[in-house]
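Secondary and tertiary structure notes
Below, each chain spelled out in residue letters.
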Amino acid sequence: MLTIRNLNKSYAGTRGGGVLRDVNLELARGEYVAIMGESGVGKSTLLNMIAGLDLPDSGGITLDDTAITTLDDTARTLLRRDRMGFVFQAFHLLPHLTVAQNVALPLALIGAAPALRAKRAGEILEAVGIAALARSYPRELSGGEMQLAAIARALVHRPQLLLADEPTGNLDAVSARHVLDLLRDQVKHNASAGILVTHSAAAAATADRVCVLTAGGLRALPQS
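Residues numbered from 1 in each chain as written. Predicted model: local features only at pLDDT ≥ 70, side-chain atom pairs only at ≥ 80, totals over all residues. Heavy atoms only, no water.

With respect to the overall build of the protein
- Regarding its fold elements, the protein presents seven helices and ten strands.
- Relative to its length of 224 residues, the protein is compact, with a C-alpha radius of gyration of 17 Å against a globular reference of 17 Å.
- With respect to the three principal axes, the spread of C-alpha positions in the protein is 50 × 40 × 35 Å.
- Within the protein, residue pairs in contact and separated by at least 24 positions form 69% of the contacts whose partners lie at least 6 positions apart.
- By element, 52% of the accessible surface of the protein is carried by carbon and sulfur atoms, the whole surface being about 10,400 Å².
- With 22 positive and 21 negative side-chain charges, the protein shows a spacing of 2 Å between the two charge centroids. (Helix = DSSP H or I, 4+ residues; strand = E, 2+ residues; numbered from the N terminus. Rg over C-alpha atoms; globule rule 2.2 N^0.38 Å. Contact = heavy atoms within 4.5 Å. Areas by Shrake-Rupley, 256 points an atom, 1.4 Å probe, with all protein chains shown as cover. Lys, Arg positive; Asp, Glu negative; His and termini not counted. Charge placed at Lys NZ, Arg CZ, Asp CG, Glu CD.)

So, in structure tokens, the structure goes:
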């Protein structure tokens, strides 16, 4: 489903001249992969390029038959809207919308009927454990509650590709485990594909396989 070939990215002033070097990865439908690595090695940069928020210096990223790196800004935006779910480290909830409205926003953007938006938003809020906060506004939530709302928003439209960047950073251990199981289950249930970026070995262990990103590229850890 997702193929990354010989991906390279550098920014002026970075030590050694590179952020990502010769990154290769393949994800099959229904596969959930964790990516680990030290801070600053380029994990978030890699997710941003997969999502089309940034472009590589060289190399290619293909989602099914769509070459993401060849699309213009508008086409990449539409691809994210229609086929991807992204859990950012920053929550990016809209302050003037309720939790339910924030969560339903991806469905609104693809033209889903109001009844379907309400139904799906209610179901996923129940699944992440914050259905009681549906009518609350972001300013009324704790950091953990905002993170759960952002996760619900990423899942509500059943994306073809789920990208999760440290999705449990603001959660207690019980909530974190619940969310990690939910992310994996959603990938499996929807026959989509998922990438989890994390510093946590325990979180990474919920994935089908674990890769480590270093200055030398992306390597898979042996499977136990």
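A word on the pairing of strand β4 (residues 58-63)
- Bridging between strand β1 (residues 2-9) and β4 involves five bridges; their strand directions are antiparallel. The residue bridging I4 from the neighbouring strand is I61, located in β4.
- The pairing of β4 with strand β5 (residues 66-67) spans two bridges and is antiparallel. Bridged to T62 within β5 is A67.
- Linking β4 back to β5 in an antiparallel pair, the connection comprises two residues, with D64 at a positive phi of about 50°. (Pairing = 2+ DSSP bridges.)

Focus: helix α2 (residues 73-83)
- For α2, the complete set of buried residues consists of R76, L79 and R83. One side of α2 carries all its buried residues, which in axial view fall inside an arc of 65°. Turned more than 90 degrees away from the buried face of α2 sit D73 and T74, all of them exposed.
- Buried residues along α2 sit against β4, β5, β6 (84-87) and β7 (161-165). (Buried < 20%, exposed > 50% of the residue type's maximum accessible area, 1.4 Å probe, protein only. Arc of directions from axis to C-beta.)

So, the sheet that holds β6
- Ordered in space as β6-β7-β8-β3-β9-β10, the six strands form an open sheet in which the pairing is mixed. Sheet topology places β6 and β10 (217-220) at the edges, where each strand pairs with a single neighbour. Mean inter-strand twist for the sheet, computed between neighbouring axes without regard to direction, equals 20°.
- Relative to strand β8 (residues 193-197), β7 runs parallel, the two being bridged by five bridges. Paired with L163 across the bridge in β8 is I195.
- In the packing of α2 onto the sheet, the strands contacted are β6 and β7, and the crossing angle to β6 comes to about 85°.
- Packed on one face of the sheet, helix α6 (residues 173-189) meets β3 (32-36), β7 and β8 and runs near 135° to β3. (Axes fitted to C-alpha atoms, helices over the stretch in contact; angles between N-to-C directions.)

Considerations on unusual backbone geometry
- Phi is positive for R158, which is not a glycine, with a value near 50°.
- Mapping R158 onto the fold places it in the loop between α5 (143-155) and β7.
- The backbone of E166 shows a phi angle near 50°, a positive value even though the residue is not glycine.
- In this fold, E166 is placed in the loop between β7 and α6.

Overview of the packing of helix α3 (residues 99-109) against α5
- As a packed pair, α3 and α5 sit with axes 7 Å apart at the nearest point and diverge in direction by 30°. As summarised for this structure, α3 and α5 are arranged roughly parallel, according to the angle between their axes. Where α3 crosses over α5, the handedness of that crossing is right-handed. Two secondary-structure elements touch here, α3 through V99, N102, V103 and P106 and α5 through A149, A152 and R153.
- Partitioning the contact of α3 with α5 into residue classes produces five nonpolar, one polar and one charged. (Parallel < 35°, antiparallel > 145°, perpendicular 65-115°, else oblique. Left-handed = near helix turned anticlockwise from the far one by under 90°. Nonpolar A, V, L, I, M, F, W, Y, C, P; charged D, E, K, R; others polar.)

Brief notes about the pattern of salt bridges
- Taken as a whole, this structure holds eleven salt bridges when the rule is applied.
- D208 is paired through a salt bridge with K188; the nearest N and O atoms lie 2.6 Å apart. Within this pair, whereas D208 is found in the loop between α7 (201-204) and β9 (209-214), its partner K188 is found in helix α6, the two being separated by 20 residues in sequence.
- The exposure class of D208 is partly exposed, given its relative accessible area of 24%.
- On the basis of relative accessible area, K188 is assigned to the partly exposed category, the value being 36%.
- Through salt bridges with shared partners, a single network forms among R29, D64 and R83. (Salt bridge = Lys/Arg side-chain N within 4 Å of Asp/Glu carboxyl O.)

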